[in-house]
Structures are given as C-alpha cells and as structure tokens.
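Survey of secondary and tertiary structure
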Protein chains: 2
Amino acid sequence: MALSEFEIIQQVFQQQKVQRADVILGIGDDGAVTKVPENHGLVLVMDTLIENVHFPDNMRPKDIGYRSLAVNLSDLAAMGAEPAWVTLALSLPDSNESWIKAFASGFFSLAEQYNIQLIGGDLTRGPLTITVQAHGFVPQGQKLVRSGAQVGDLICVTGTLGDAAAGLTSWSETDKSFEYLRQRLARPTPRIEVGLMLRSLASSAIDISDGLLADLNHILNASHVGASLRVEHLPLSLALCEKYDQLESRDMALSGGDDYELCFTIAPENRHLLDQLSEYTQVAEIGVIEAERGLRCLLSNGSHYVPVESGYQHF
Amino acid sequence: MALSEFEIIQQVFQQQKVQRADVILGIGDDGAVTKVPENHGLVLVMDTLIENVHFPDNMRPKDIGYRSLAVNLSDLAAMGAEPAWVTLALSLPDSNESWIKAFASGFFSLAEQYNIQLIGGDLTRGPLTITVQAHGFVPQGQKLVRSGAQVGDLICVTGTLGDAAAGLTSWSETDKSFEYLRQRLARPTPRIEVGLMLRSLASSAIDISDGLLADLNHILNASHVGASLRVEHLPLSLALCEKYDQLESRDMALSGGDDYELCFTIAPENRHLLDQLSEYTQVAEIGVIEAERGLRCLLSNGSHYVPVESGYQHF
C-alpha cells in the first residue's frame, strides 16, 4: 500500500521510543531545535548511501536502515563524540510501506541502543539515496582528530579487517557459511565506546571506511608523518581466513573498505592502557609512526609487501 | 577535466572565504566540531533537491548551488533562526570540474551574504542529488513554530506569490520577458531578516515551499484552528499578471510551490508593527485565523473561490 509523505512521517518516523530532554522541538516543523551541553563542542558528521554504489540492491531494507546510521555513528566514534541526535534525508523511488517500515526498524534499533533521537530530515521521491547527519558532543578540547600522530606512536585497529570486503565479494553466494562476512558488511558495529575511551588515550583516530591503507594515509598526511605496517599483525577473522587464502585475506584487510573499525595511534608509554578497550572489542597493534613519509607494508622477514589495491576512490 | 574526490574537496569546497570563530574544526576530518552560543537553541533544517524533481535538468549549476542553500535558509527564516553553518551531501554522476565550480560559486555567493561557513558533508557518485543541512541559533524561548496561531490573528505573507510556479511553467520559453519569473524559481530569496524580526511579532510561521494552501494548512492543523483567505489580497507580481490571466495567476499564488516566501500570523494589535518589515520586503495581509476548522478562500463579494489545485504532494 502506498502512503503519503505525511503518513510516512507520522506513522513511521515519529513513532520512535527515544525522547531526549535536550530536544526542544523534534520532527514536524520547518526545523528542529536542540540544546548542546555547556563546555561541549558539537560534532557533526554526514554520510550518504546510494543503492548499487554503497550497498547491493538486494540488501534487506532493515539492514540498509541499520547500516545508514551505523556508518555515521562510526564517524562520531572516530571523533570521540557521544551520539545525541540524527537527521535523515531519504529519497525513495516509491512509497512502499513495508520497505519503509523495515528500513525504519533497522535504523531505530541501532538508534535506541545509543539513545539517539531522530529530530528531522526530508522525504523525497527519487533514486534510492540515504543521507544521514549525526550529531554528538565532546568535552571542550577532547576531540579526536587525524592530525595528532607523533613519530614513535603505535598504530592500532579495533576488531578484524577485511570482513566487509569479503562480505561484498560473497554477497551472491548461497552458501550460509559466508553469512558472518555478509553481516559484517550489512551491519557494521560503530565503535562508540572505544571512541569515548580514546579521548584521553589516542593521538589521532579515523574510522576505516575506504580501506586501512587509504584511511591510515589520511592520518599520515594530516600529521605530516609516515608509517610502517606489520602485515602479519593484521587482525583477520576466522571466517575470512577459512574462505579466502592468505594473499586474498591480507589484500582485503589492507584495501577493502566498509569495515568501520577504528584506526588510531597512541604513544608507546600508553600501550598498557589498550587492555581497557578489550572490554568492548579486540585491539591489534599493527605498526608504528615514522618520520620518513609514506606508508610501508612489511613482512616479519623484513621484506616489503605490495598490496594489489589501495583503497576505494569515490571518483 | 575530471577531478578526484579529494581534489574537489580541496580545490573547490575548502576555498571558502567565510571562516567563523565558532567553528573549531571544519572540512577535512571525520566530522566537524562547532560551538553553540550559551542560552541559545540550535536550529537544524534539512532539504534535498533532486534533478527533474526539484529543479529542471537544464537549470544552470550556479543557480542549482544558490537554490540548494536558499531553500534551507528559508526554513531557518521560518524558525526565526540566525544562520551559522551548513553541510552538503552532493551526489554527482561524474566529476565535471566546471559544473562543480559553478555550483560552488552559486552556493558560496549566498553563504557569504549571511556569513555561513560550509563545515563538512559527503561527496558521492550517483544520480544528481543535493542534500543540505543548515544550522542556526535562536535565543532560548524565541523560536518561531507552526503551532501558535490564535483565533483572530492576521495571516500575512512576504513578497509575491506564484512567481516560481510561473517560472517553472515558462521554463522552456525563449521569450526573455519570462526571465524575472524564472529567476524567482532559480534563486529564491530566503527571508532571513524578516524571520529574525518575527521572533517578537509572529504567533506562528512557515515558509511556502509546497504552495500557500498546503503550507498554511500546516499552520492550521498544528494550531488546531481554521482560516479565511481574501483572494483579492494575494500579492501578485506585475510580471505574473502580465503573463498569465487572473485565474491562472491566483491558482499559481494559492497552489504553486517554490516561492519560499514566509507565511505568518500576528495578533491584530500588532498590525502597526508590520511596517517595520517593509525595510526588507513587502508584506501583505491576506486573511484571518478563525475557530471554524478548514481553509476558506473568499472573494470580496462574499462568494467562495475554489482553487484548481491544492499544493505539491511529494508522494
């Protein structure tokens, strides 16, 4: 059944459980009005997902909803921000009620987990395109940025790498044993709690959306440093290693996008503090920041490892 | 010439003149960080423009850039907010350098007029889609909303109505005498200054994007009241009246979208204050809020006027 624009807004998007005290005016006027806590910076992140560009066209609408919020929360995590509110610009080719309700259920299930309120947006007819803007808070002076990496800092990543790229490669496989990898693509885990703990620990941070090499390079360029990576130290999931050989797995871990893990740097004297993060997810130390510019991938025998690809280019 | 994603961001979108003191971190990290002044609410508005849905495919990129910001500033105006920062999610079928630079020049020319800084966004490949989120401030308790109209309040509108609808109808005319109308579609004037003055004057406000009848109905529904409109009092431009007959002009003024004028209500004892707005634009008193629900269009002889259409439906 086709719903009108206002029915979609009222029956679906205004039916959210989360109601925050810092939202003065939510959905339903020309704009939303909110309050930011004193002595806090407001962090704003925005990400667009387009069908057949950022997700396969047969991804379940529930997962598309989850994923479109998750990739934005991942950016908030990389800034060390505590999530608060979100806006949603949704373009739909038609107003298919069951699609919209499934999308919203995935979106809201993640929003509730972090007490995030949907406060506004826009609903238009057009090719399936989802733009989400997420907003969070960070105490003054405690934001995480890309530009603070120092020579000698350790390079770390959360979780495992390459799973989402493998999930995309195996998207059309009927074999259920690929399910874990496909789920890592469909429902990435934003590392919000880790981001909050990194505020006082990391010298720089970024989330891995375009692939480790491409995203670590953003840290290196912003910090005017170089790095060496230890290829054997890349954290690979059992599922990835079972399904792909060593060469494929490593290339996916280095160059595959969409993992939405955090890559960050810490001073070596803080290494012992990494244990505190393990309550939330595994953390691997995979390399070191160096003065020599450029990014070198090394094997334990000292030889250079040359990856096949080097990250997703949007154009 | 085709630019890469990072070249577009660096060479075009980071080349903005406006640099605000309340932007702690702008374009170039996982997110932006800003500060909101104390005792102020943060107003957030979001609007999407899609080619061939929200603008004709041969609209000049400079105008598309201008328009995509203007329609968002119009929402801020309707909230009584002072504009501050903006984010931009731009989907492009290809990375045509001259298109992008023209788009940005139109966007930035309006941004500079109001000291608005572009602080972030997303650039993706896909069907031409532009989502802008604009952010502004309103002193605590002074926001304009749709829900405050009272029985007896006067209904007013800024500027003239129906021009943009006529501009769209005449979009492919080669006759230059339609240029004024087409410009009203391509470059709507956000009524920011009027919105700021209405903070202490209006009981409700909305911007006219879907047509006067549709948008005034939002005020009526939110305020649980009805209204009568005086059709002869609709403010029509000379250009509109020269090109279209009375029936067409009135229908465009009542039902045509895209004017981005403000419709607001004020208590009758404040009528004399309307003069203060005339520094910025003309204001017409076009009707009155009534207890009887529904929206009635009346002619001066007391008869009812039935418009042909009743506003843009997105689905």
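It should be emphasised that the depicted structure is a prediction, and the values quoted were computed from it without experimental measurement.

Notes on the interface of chain B and chain A
If you look at the interface, chain B gives 64 residues, while chain A gives 64 residues. Roughly 4900 Å² is buried in total at the junction of chain B and chain A, and carbon and sulfur atoms are behind 59% of that figure. Of the charged contacts in the structure, one is a salt bridge between arginine 146 of chain A and aspartate 30 of chain B, with a shortest N-O distance of 3.4 Å. Summed over the shared surface of chain B and chain A, the number is 16 residue pairs in polar contact (both at pLDDT 80 or more). If one sorts the elements of the side of chain B that touches chain A by residue count, strand 3 (residues 40-50) of chain B sits on top with 9 residues. Split into classes, the residues belonging to the side of chain B that touches chain A amount to 30 nonpolar, 21 polar and 13 charged. As paired strands, strand 3 (residues 40-50) of chain A and strand 2 (residues 32-34) of chain B are joined by 3 bridges and run antiparallel to one another. Its bridge partner lying in strand 2 of chain B, leucine 44 of chain A is registered against alanine 32 of chain B.

Topic: the sheet that holds strand 8 (residues 202-207) of chain B
Two modes of strand pairing occur in sheets, parallel and antiparallel, and in both the strands are linked by backbone hydrogen bonds. Residue and element names in this part refer to chain B. Strand order across the open sheet formed by 6 strands is 8-10-7-11-9-12, with mixed pairing between neighbours. Two strands close off the open sheet at either side, each with one partner strand: strand 8 and strand 12 (294-298). The mean angle between the axes of side-by-side strands here comes to 25°, regardless of whether they run parallel or antiparallel. Relative to strand 11 (residues 283-290), strand 7 (residues 154-158) runs antiparallel, the two sharing 5 bridges. Across the sheet, the residue bridging to cysteine 156 is glutamate 285, located in strand 11. Running at roughly 170° to strand 8, helix 2 (residues 61-78) makes contact with strand 8 and strand 10 (262-266) of the sheet.

Points about the confidence of the model for chain A
Confidence along chain A averages 94 in pLDDT terms, with 97% of residues attaining 70 or more. Scored by ipTM, the complex comes to 0.94, with pTM at 0.95.

Structural notes on helix 3 (residues 97-113) of chain A
What sets the pattern is the α-helix's 3.6 residues per turn: residues three or four places apart point alike. Residues and elements named next belong to chain A. Over its 17 residues, helix 3 extends 24 Å from the first C-alpha to the last, a length consistent with the 24 Å expected when each residue adds 1.5 Å. Every buried residue of helix 3 is accounted for by Glu97, Trp99, Ile100, Phe103, Ala104, Gly106, Phe107, Phe108, Leu110 and Ala111. Among the structural elements, helix 1 (5-13), helix 2 (61-78), strand 4 (82-92), strand 5 (117-125) and strand 6 (129-139) are those in contact with the buried residues of helix 3. Of the residues trailing helix 3, asparagine 115 is marked for its positive phi of about 55°.

Quick notes on the environment of leucine 185 of chain B
Residues and elements named next belong to chain B. Inspection of the secondary structure puts leucine 185 in helix 5 (residues 179-186). In this structure, the C-alpha to C-alpha distance between leucine 185 and aspartate 163, residues 22 residues apart in sequence, is 7.3 Å. With sequence-adjacent residues up to four places away left out, leucine 185 is seen in contact with Pro56, Met59, Arg67, Ala164, Gly167, Leu168, Trp171 and Asp258.

Observations regarding the relation of the copies chain B and chain A
Overlaying chain B with chain A gives an RMSD of 0.0 Å, the required rotation being 180° about an axis along which the chain moves by 0.0 Å. Both copies are brought into coincidence by an operation consistent with a two-fold rotation axis. Comparing interface residues between copies, 100% of those in chain B also sit at the interface in chain A, which points to an isologous, same-surface contact.

Observations regarding helix 7 (residues 212-223) of chain B
Compared with an ideal rise of 1.5 Å per residue, which puts 12 residues at 16 Å, helix 7 of chain B spans 16 Å between its outermost C-alpha atoms and is within 8% of the ideal. Taken together, the buried positions of helix 7 of chain B are Leu212, Leu213, Ala214, Asp215, Leu216, His218, Ile219, Leu220 and Ser223 of chain B.

Here we look at the state of the cysteines
Residue and element names in this part refer to chain A. Scanning the entire structure with this criterion turns up 0 disulfides over all chains. This cysteine, cysteine 156, is not joined by any disulfide, and cysteine 263 carries the nearest cysteine sulfur, 8.2 Å off. Cysteine cysteine 297 remains unbridged, with the sulfur of cysteine 263 as its closest cysteine sulfur at 12 Å. Relative accessible area serves as the criterion here: at 5%, cysteine 297 is assigned to the buried category.

Description of the sheet that holds strand 2 of chain B
The 6 strands lie next to each other as 5(A)-4(A)-6(A)-3(A)-2(B)-1(B), forming an open sheet whose pairing is mixed. Each edge of the sheet is formed by a strand with only one pairing partner; in this case those strands are strand 5 of chain A together with strand 1 (23-25) of chain B. Direction aside, the axes of adjacent strands within the sheet are offset by 20° on average. In terms of strand pairing, strand 1 of chain B meets strand 2 of chain B through 2 bridges, oriented antiparallel. The partner of leucine 25 of chain B across the bridge, within strand 2 of chain B, is valine 33 of chain B. The sheet strands contacting helix 1 of chain A are strand 4 and strand 5 of chain A, and the helix crosses strand 5 of chain A at an angle near 150°. Taken strand by strand, helix 3 of chain A contacts strand 4, strand 5 and strand 6 of chain A, and its axis lies near 165° from that of strand 4 of chain A.

So, how was this worked out
- The residue numbering used here restarts from 1 in each chain and proceeds along that chain's sequence as written.
- Here chains are named by letter from A upward and ligands by number from 1 upward, in the order in which they appear as written.
- Selection of residues for local features in this predicted model requires a pLDDT of at least 70, selection of side-chain atom pairs for listing and counting requires 80 or more, and totals for whole chains, interfaces and linings are taken over all residues.
- Hydrogens are left out, water is left out, and the side-chain values use all remaining heavy atoms of the structure.
- Two residues form a contact once any of their heavy atoms are found within 4.5 Å.
- When two parts are brought into contact, each loses some accessible area as probed by a 1.4 Å sphere; the total of that loss over both is the buried area.
- What counts as a salt bridge is simple: a side-chain nitrogen of Lys or Arg found within 4 Å of a carboxyl oxygen of Asp or Glu.
- In protein, a polar contact means a hydrogen-donor-capable atom and an acceptor-capable atom, both N or O and within 3.5 Å, with residues adjacent in sequence counting only if both atoms are side-chain atoms; elsewhere, any N or O pair within 3.5 Å suffices.
- By definition, any uninterrupted DSSP run of H or I lasting at least four residues is a helix, any uninterrupted run of E lasting at least two residues is a strand, and each is numbered from the N terminus.
- Under the scheme applied here, ten amino acids are nonpolar (Ala, Val, Leu, Ile, Met, Phe, Trp, Tyr, Cys and Pro), four are charged (Asp, Glu, Lys and Arg), and all others, including Gly, are polar.
- Pairing between strands is defined by DSSP: at least two bridges between the two strands are required.
- Convention adopted: a line fitted to C-alpha atoms gives each axis, helices being fitted over their contacting stretch, and angles between N-to-C directions are expressed from 0 to 180 degrees.
- What pLDDT reports is the predictor's confidence in each residue, on a scale of 0 through 100.
- Expected helix span is taken as 1.5 Å per residue step, with the number of steps being one fewer than the number of residues.
- To sort residues, take the accessible area from a 1.4 Å probe on protein chains only and compare it with the maximum for the residue type: under 20% means buried, over 50% means exposed, and anything in between is partly exposed.
- Alignment of copies: least-squares fit on C-alpha atoms of residues with pLDDT of at least 70 in both copies.
- Pairs of cysteine sulfur atoms within 2.5 Å are what we label disulfides.

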